[in-house]
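# Observations on the model geometry
For reference, the chains in residue letters:
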Amino acid sequence: MAAHLKKRVYEEFTKVVQQQHEDLSAKKLRLTKPSKSAALHVDLCKATSPADALQYLLQFARKPVEVESVEGVVRILLEHYYKENDASVRLKIASLLGLLSKTAGFSPDCIMDDAINTLQNEKSHQVLAQLLDTLLVIGTKLTENPSVRMRLVEVACKHLTDSSHGVRNKCLQLIGCLGPVDKGVAKEVESQAAKDVQKIIGDHFNDQDPRVRTAAIKAMLQLHERGLKLQQAIYSQACKLLADDYEQVRSAAVQLIWVLSQLYPESIVPIPSSNEEIRLVDDAFGKICHMVSDGSWVVRVQAAKLLGSMQQVSSHFLEQTLDKKLMSDLRRKRTAHERAKELYSSGEFSSGRKWGDDAPKEEIDTGAVNLIESGACGAFVHGLEDEMYEVRIAAVEALCMLAQSSPSFAEKCLDFLVDMFNDEIEEVRLQSIHTMRKISNNITLREDQLDTVLAVLEDSSRDIREALHELLCCTNVSTKEGIHLALVELLKNLTKYPTDRESIWKCLKFLGSRHPTLVLPLVPELLSTHPFFDTPEPDMDDPAYIAVLVLIFNAAKSCPTMPALFSDHTFRHYAYLRDSLSHLVPPLRLPGRKLVSSPVSPSITPHEDPSQQFLHQSLERVYNLQHLDPQGIQELLEFTIRDLQRLGELQSELAGMADFTATYLQCQLLLIKALQEKLWNVAAPLYLKQNALASAAAKQILEETYKMEFMYSGVESRQVVIIHHMRLQAKALQLIVTARTTRGVEPLFGMCEKFLQEVDCFQRCFISELPHMQGSFVDKLLDLMPRLVTSKPLEVVKILQTTLRQSTFLHLPLPEQLHRATANIIEPTGESDNPLRFTSGLVVALDVDATLEHVQDPQGTVKVQVLYPDGQAQLIHPKPADFRNPGPGRHRLITQVYLSHTAWTEPCQIEVRLLLAYSSNRSKASAKIPKSTWSESLEAFPQSENGIEGTIPFSKPVKVYIMPKPARR
Amino acid sequence: LSFFCLGPGAGQDVGRSCILVSIAGKNVMLDCGMHMGYNDDRRFPDFSYITQNGRLTDFLDCVIISHFHLDHCGALPYFSEMVGYDGPIYMTHPTKAICPILLEDYRKITVDKKGETNFFTSQMIKDCMKKVVAVHLHQTVQVDEELEIKAYYAGHVLGAAMFQIKVGCESVVYTGDYNMTPDRHLGAAWIDKCRPDLLISESTYATTIRDSKRCRERDFLKKVHETVERGGKVLIPVFALGRAQELCILLETFWERMNLKAPIYFSTGLTEKANHYYKLFITWTNQKIRKTFVQRNMFEFKHIKAFDRAFADNPGPMVVFATPGMLHAGQSLQIFRKWAGNEKNMVIMPGYCVQGTVGHKILSGQRKLEMEGRQILEVKMQVEYMSFSAHADAKGIMQLIRQAEPRNVLLVHGEAKKMEFLKQKIEQEFHVSCYMPANGETTTIFTNPSIPVDISLGLLKRETAIGLLPDVKKPKLMHGTLIMKDNSFRLVSPEQALKELGLAEHQLRFTCRVHIQDPRKEHETVLRVYNHLKGVLKDYSVQHLPDGSITVESILIQATAHSEDQGTKVLLVSWTYQDEELGSYLTALLKKGLPQSTS
C-alpha cells in the first residue's frame, strides 16, 4: 500500500514538472505550487493522534484544490479512511470527499466505486450518513448516467433499514434526488431496481422518527419537481400526515397536498363519515384552510401562502373562507360588515350610537352550528387576524391572488382588505393597499368602505400615503358623494403633508378622468361659483386649488357639457395650467376659445396602428436603399431620423422604439459620413481635419451603442448582436483612423491584436446569430480571418477599410416592447433662490427624490452624480433600500446625498444628476462564468480585459444653490 | 386513579375561581379568587371544604394562580395568612409583580373606605407574597419528586398563563382565563399537543362567536378621531389594568400614525404603576411590541401623559382614560359630570357595566341622571359602547381543545346554560367526554395511566434486533423479567434477574406424545417427519441428528414404536418454556398427521 502511495505521490510530482516544461515552451511564466495531495499525505502521516489528523484535514479544507489533482487527493484520503479508527476523522474525510467531487470540471465517476465500497464496513451511523451525502453529491454530478443512478438508488434502498434516523434521512434524500423519474427507461436498465420509488418513499411516511417522515415527504416533492407524476393514492396518506405531532412534517405535508391538488384537481374523493364526494382540489383546499389555524406559525404561513395559488377551487368553497357565523348567546348576530352594508343600502349613514345596535337577532338552531369549521370556513378571517404578521402578510397575498382570478370573490374580500388598512404593522398595511390596487379592476368601493380607505390618508408614513394615492388612481367610486369625500380627504392630506403635492395631483387626474359624470354635479360647488354673484378669483398658486382644477379639467375631457359651468377666470387658469402642468391637464375642446387650439391628442385614439405602420414603413424605406448614391443615402437617413424623433415625441407608447431606431440610424449615418470623406486617399499629413471628424464619429458611435445596449429595457439578443456589430465597426474605424495618423507601426501591433481578439470574442458570443448576418462586416471579416491573423498591421488596416466600405447595412429587427430608461428628478426642484447654507468641512444632507422608469435592476445601476463648480465630481451609490417599486417598470428613488466642500465666498450652484452605470461584463451577451463551489475561493476570476465600465447620464441635471460658510472661530 | 374537581367558588358561575384538583394522590389548588358581588363571608371561598380538621399545608401540595385578576387571586392573603397555608404558591413573574398592587388597592377600598374590620392587612399581603414562587413560560417546575407544573402563554392580561400539572404520566391542563385572538398588546394563547387527561377550560363566552377585532378597533378609533377633530373631549372609563393598556397602545399608535396633536391623559396612581410593569415584561407582549422595543418601548408613551385634576377644565380637545370603569365613583365620574353637558364630547364605555351604576344607566339610554343631592344631570354628550373583552369565544375554546387534544374536558367559569351548549358541541366534534360540575360538586374521572418501566439498554437492543424493525402502529413483544422493587419497575433479562434475586435457574420442559399411524420402520418414520417439517418450517433450522432424533431449533422430537401396536408410532416432542410458542405449533402440526404422498 505504501508503495502504491509513493507512486501516486511521484506521479503527482512528475506531472507538475511536465507542466512546467510545457509552460516554458509557450514562453509564459506561471507559478506552480507543490502538489496538494503530496502535502496532505505527508501531513496525515505525521499526524499522531486523531485530533491532529482532524486539524490537518480542517486546514486542508480551507484551500481549493485544482481539478487535475482532485483524483489523487481522493485516493490518498481513501487510504487514510481505511486505516483510520476514529469516527470523527472518518466523518471529516467523508465530507471532504463530497466537497472534492463538487470541484468544477472533475468527473467523479472514477471514485464512485470506492465510495460505495466504503459503505460496506462502516459501523458509525454518522459516518454512514456523511458517506451517503457524498454519494448524493456524486450522483447529482452524474445525473445523465442512468446506470450510476440506479446503482446509487439501490445502495440507498439497502440502507433504508438502518436504525439511525440520519442514515434513513440521507437515503430518502438520495432516492428523491436520483430515483428514476421515467419508468420506461428504468425498466430497461434493470428491472429489479425499478421498484416503485414512490412506494419505497411512501412506506416511510409512517416512520417512527419525525425527521425521517419529513425527509420522506421532501423526497416525494423532489421527485415531483424532477417531473415524476405522483400517484393519487398518496393523497390519503398525506392527509393523515397533516395531523402529525411535528411541525416540519405538517409543513411538508401541506406542500405535498398542494402538489397533489394541482396534479389531480378534478378527481373525486369521498368525504369520510358521509356518502358525499367532492373534487380533490376542493377537499385539499378545505384541508389547507384548516391548517391556517394550526398551532405552529411556520405551518400557518405555509398554508396561507399555498391557498393563493389554488385557482381551480369552486367558488362556494372560496367564499366560505371569508365566512364566519357570528353569534351571541346562541343568537345569530350580523357582522359589522353586514351591518355597514345594510346601513348603506337603507340610505342611512353611520351610527352605532345606540347601545345594542349590534344586538343579536334571530335564535340559532343549536344543532346546526358547527363550531370547529369542517371545511374552508373562515380560514382567511383567521389568517388575517393572526398573531404573527408573517401569517397576515401571507394571507393578504393569497387573498390578492385569488381575488385576481375571481371577481365575485374580490367583491367579497373587500371588507377584509379594508380592515387590514388598520393593521399595527406597516408592512401589512402597505401590502394590503397594494393588493387592493391589483384587484381594483374587479371592484367598486362603497361609500363606507371609501371612508375607511381615505382615513388612512393621514398616515404619517410616506409609503403608505403614496400607495394609497396609487390605489385611488385606479379605484371605481360609485357615488358623487364618494368623489367629494375623496377630494376633501385628499385636500386635507395636502395641507398636512405638502410634499405629497405631485402625487395627489396625479391621483386627482385619474379620479377625474375615470368619473366624469360623477364630477359634473359637483362642479359649481367645487369652483364655488354662484348663479347670481361673482365670487372672488381663487389664488392660482394655491396647490389645493390646482388640485381641484386638475380633477375638473380631467373630467371635462370626456364631458363636453362641463365647460359651460366654468367662470371666466377658470378658462384663464386652464390656459395657464395647460402650459405649466401639461402632464396633468389634458387638452380640452373649449367652445369659442382660441387659446386652446391644440388638437385632440393622438393618445386618445385607441388604436395606434397608423403610427406603428409609419415607423415600420420608414424603416423599410431605409433598408431598401442599399444602392442609392451616397448623397441620397445620407439625406434619406437624416430625414428618417428626424421623422422618428418627432414620432417619439408625439407618441409616448412608441417613444422607446422610435428613439432606439433613430439612434441606430444615427450611428449608421455617422459611419457612412466618416467613410464618405474623400480625403481617405490623400497622403497622411493632409487630413488632420478629416481625422477629427472621423475619430469623433467613431467615438460617438461607441457611446451611442452603449446607450442602445444598456438604456433600453426589452432589448433581445437579436438586437444586442446588431449593437455589438455596430460597435465593432466603430472600433474598426478607430483603428483605421489611428493607423492613418500615427507614424510608425509599433503601436499598431497592439491595437490590431486587440481588435482581432474582439472579433474572435464576437464570434464566440454570437455564434448562433451569425447566419442572419450575411454580407455584413463581420461576415466578411470572418471569411478573411485566416489572412488577417497572419498579415501585418498595415495590411490589416487596408483590408478593414475595404470591408468596412463594402459591407451592407444590417436590418435592425424591432422587439415587441422597447422602453427607454428615463429618470426625472422631482426633488430638489432647482427653483430655489435660497442657498443651502452649511459650515464648510461639515456635511449637509440633500434630499433627492426621483422617479425612474424602465430601469432594470436600479439598485445596482443607478448612481447619483454631484458636480461642484470647481469641476469636482462626486459619485454616490444610493442604498438598495432607497429604491421603492410602486408599479411594474417604475421605481422611485428617495435618498439623501451628503454634500461637503471647503468655504466659498458666495453661494454657487452645484449640479445633481442621475447616472446609469454599465459594464460590458454584465452584458446579456457574455456567457455566465461558472463559479467554483469549492470552499471560499479567494482567487478572484481575472476581469476580462475588455470589460468596459462606464456611465450614461439619463436625467436632466438639476441645479442646487449651496453656500458653504467658513467655520467660525 | 382519579381526579376530582371541586369548585369552592367557580363551577357554573363567573365569580370566585377556586378549583381543587386531586391527581394521583396529589392535591393542587388552582386559583384563589374572590367574588366581587358580596361584601360578607361569601366573597371568599369556603376553605373548610378542603379539609375539615388538620392544616391546609398538610393537605395541599401546591397552589397555582393563573393571573392577577382579583377573581382569580383576591382571596390569596386570606387563604394563606388568615386560614393558614405555608406551602408553595406558583405564579408567573408579571403576576407576582402586579398582584400585590391590586390586593393592596382592594384592601384599601374595603378597609379604609368602607371601614371593614377582620380583613387582611398590608403585612399579610407582604407575607403572602413571600410564599410565592415565580415561574417562567414553558419552564417545568418540579414541586416534589412526582408533581411537576409547566406554564403556557394565555394572552388575556399581562402574565396570564395556562398551567399543566403532571404527576407521572397523568396530567391536567388548567387554562385560567385565556384569549385565542391576539390584541394590540398581547399575543394569542398557545399550547402544544400535550394530550392531557383533562383540560379545565374557562367558558365565559361559550355561546358567542365574535366578529373580527379589527372592525371594533377601527370603529373605536374613528369615533375618537372624529370627536377630537370636532374639538370635543373623549372620556374613556377603564379599570386600571388590562384593557386600559390595550386601549392606550391602540390610541398611541394611532396618534403616531396620523400625526395627531390632541393630548391624551390617563389617571395617575394604579395605572401609572402598572404601566411600569408592562414596560418591564416586554417578553410577555405581542410580536409587534417585542420586535420594536429595541428602538422604542411601546409602553413609553409619547402622546399619553399623566392626568391632573385641573386638566379637565382645559379648553380644546383631549382624550382621558379614567378609573373606575363602570363610572360609579371616583375620577371617572367627576370628569363625566363636568363634560356631560356638552354634545361635542363623548364617553366610550369599553366594557360591561353592572346594573345600578351610572355606566349602565347611560348605556341603556337614560338621558337625565339623578345624582346625590337631588341634582339632575342632563347628559348631552354622546355615549358609545365598545366591547373589548379578552376571553376566548366558542371558536377559540374549540381551537384550544384541538391544539391540546385532551382526553376529557371540564368547563368552569361560565353560565350553566351556555356551558350546556358548548359541552354538547365538544362531545360531538371531538368525541371526548365533557363535564361541567356545579359549585361544590365533585367530578371523578378515570384514566388508564400507562406505567413506565425501566429496561436495560442491552436487553432492549437484543430484543429489538430480533424480528422486524420497530413499527409505530404495532406493539412489540419482548421477553424479560419484570422486577417490582422499591416502588420502581424494571425489565431485566432472566439471567440478571436470577443473579439479583440469588435464585438458581430451573428449566421447565413440556413433553408431549403424538401418535401417528405409520406402519413403516422407526427410522423411516423419522425421516418422513423430518422431510415434512423441513418442508413446512422453512425459516427454522431443522436437523436430523445421527441418534435418530430431530431438532427444530431447540425442540427435540423422537420417535418410538408403540409397545402394543407396531403400526402406531409415538412421537415424543419436548420443548422448553421459552419455546412454548413454537412447541405448541409443532405439536399441533404433527397431530394433523403426515402428508400421504411421501416421495
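From a predicted model like this one, the values you see are computed outputs, not experimental measurements.

### Notes on the overall build of chain B
Regarding its fold elements, chain B presents 17 helices and 30 strands. Here chain B has a C-alpha radius of gyration of 37 Å; the compact-globule value for 599 residues is 25 Å, and the former is much larger. A buried classification covers 53% of the 599 residues belonging to chain B. A separation threshold of at least 6 residues defines the contact pool for chain B, and within that pool the share at least 24 residues apart is 69%. When the accessible surface of chain B is summed, it comes to about 27,200 Å², and 52% of that surface belongs to carbon and sulfur atoms. Between the averaged position of the 72 positive side-chain charges in chain B and that of its 67 negative side-chain charges there is a distance of 7 Å.

### Focus on the sheet that holds strand 20 (residues 408-412) of chain B
Sheet strands pair by backbone hydrogen bonding; their relative direction is either parallel or antiparallel. Residues and elements named next belong to chain B. Here seven strands make up an open sheet; going across it, the order is 7-8-9-10-11-20-21 and the pairing mixed. A single partner strand is all that each edge strand has here, and the edge strands are strand 7 (140-142) and strand 21 (433-435). The average undirected angle you get between the axes of adjacent strands in this sheet is 20°. Here helix 12 (residues 394-404) sits on the sheet and contacts strand 9 (161-167), strand 11 (198-202) and strand 20; the angle it forms with strand 11, its principal contact strand, is near 160°. Contacts from helix 13 (residues 416-430) reach strand 20 and strand 21, with the element oriented near 170° to strand 20.

### Examining a nonpolar patch on the surface
Among the surface-exposed residues, Ile-451, Val-453, Leu-482 and Met-484 of chain B lie close enough to one another that they form a single nonpolar patch of about 400 Å² accessible area. Considering the arrangement of structural elements, one finds Met-484 of chain B in strand 24 (residues 481-485).

### Here we look at the domain arrangement of chain B
Each assigned domain of chain B is listed here: domain 1 (2-209 + 390-437), domain 2 (213-385), domain 3 (454-501) and domain 4 (509-592). Computed over C-alpha atoms only, the centres of domain 2 of chain B and domain 4 of chain B are separated by 94 Å.

### Details of unusual backbone geometry
Residue and element names in this part refer to chain B. We note that Asp-31 has phi near 65°; this positive angle belongs to a residue other than glycine. Tracing the backbone shows Asp-31 in the loop between strand 3 (26-30) and helix 1 (56-59). Look at Asp-31 and you get buried, because its relative accessible area is 0%.

### What about the sheet that holds strand 24 of chain B?
Taken together, the three strands give an open sheet; going across it, the order is 23-25-24 (chain B), and neighbouring strands pair in mixed fashion. Either end of the sheet is taken by a strand with one partner, and the two such strands are strand 23 (454-455) and strand 24 of chain B.

### Observations concerning the confidence of the model for chain A
All names here are of chain A. Averaged over chain A, the pLDDT score is 76; the fraction of residues at 70 or greater is 80%. Of all the helices and strands in chain A, helix 1 (residues 2-25) carries the lowest mean pLDDT, 44, while helix 14 (residues 247-263) carries the highest, 91. Low pLDDT, under 50, characterises residues 8-34; the stretch is placed with 17 contacts to residues that sit more than four places away or in other chains. This model gives residues 184-194 a pLDDT under 50, and the stretch forms eleven contacts once residues within four places in sequence are excluded.

### A short note on the packing of aromatic side chains
Inspection of the entire model under this criterion finds 21 aromatic pairs over all chains. When the centroid spacing of 5.0 Å and the interplanar angle of 75° are considered together, the rings of Phe-553 of chain A and Tyr-574 of chain A count as edge-to-face. Placement of the pair is Phe-553 of chain A in helix 29 (residues 543-557) and Tyr-574 of chain A in helix 30 (residues 568-580), with a sequence separation of 21 residues. You'll find Phe-553 of chain A and Tyr-574 of chain A in the same group, each marked buried. Centroid distance Phe-307 of chain B to Phe-311 of chain B: 6.1 Å. Interplanar angle 80°. Geometry classified as edge-to-face. Note on Phe-311 of chain B: relative accessible area 26%, which makes it partly exposed. Among the aromatic residues, ring-to-ring pairing joins Phe-44, Tyr-78, Tyr-106, Phe-119 and Phe-120 of chain B into one connected group. Over the face of the ring belonging to Tyr-497 of chain A we find Arg-465 of chain A, whose NZ or CZ atom lies 3.6 Å from the ring centre. Lying across the ring of Phe-510 of chain A, Lys-509 of chain A places its NZ or CZ 5.4 Å from the centre.

The rules we used
- Residues numbered from 1 in each chain as written.
- Chains lettered and ligands numbered in written order.
- Predicted model: local features only at pLDDT ≥ 70, side-chain atom pairs only at ≥ 80, totals over all residues.
- Heavy atoms only, no water.
- Helix = DSSP H or I, 4+ residues; strand = E, 2+ residues; numbered from the N terminus.
- Rg over C-alpha atoms; globule rule 2.2 N^0.38 Å.
- Buried < 20%, exposed > 50% of the residue type's maximum accessible area, 1.4 Å probe, protein only.
- Contact = heavy atoms within 4.5 Å.
- Areas by Shrake-Rupley, 256 points an atom, 1.4 Å probe, with all protein chains shown as cover.
- Lys, Arg positive; Asp, Glu negative; His and termini not counted.
- Charge placed at Lys NZ, Arg CZ, Asp CG, Glu CD.
- Pairing = 2+ DSSP bridges.
- Axes fitted to C-alpha atoms, helices over the stretch in contact; angles between N-to-C directions.
- Patch = residues over 30% accessible without salt bridge, like charges linked within 9 Å, V, L, I, M, F, W, Y side chains within 5 Å.
- Salt bridge = Lys/Arg side-chain N within 4 Å of Asp/Glu carboxyl O.
- Domains from an automatic or database assignment.
- pLDDT = per-residue confidence, 0-100.
- Phe/Tyr/Trp six-rings, centres within 6.5 Å; stacked < 30°, edge-to-face > 60°.
- Lys NZ or Arg CZ within 6 Å of the ring centre and 35° of its normal.

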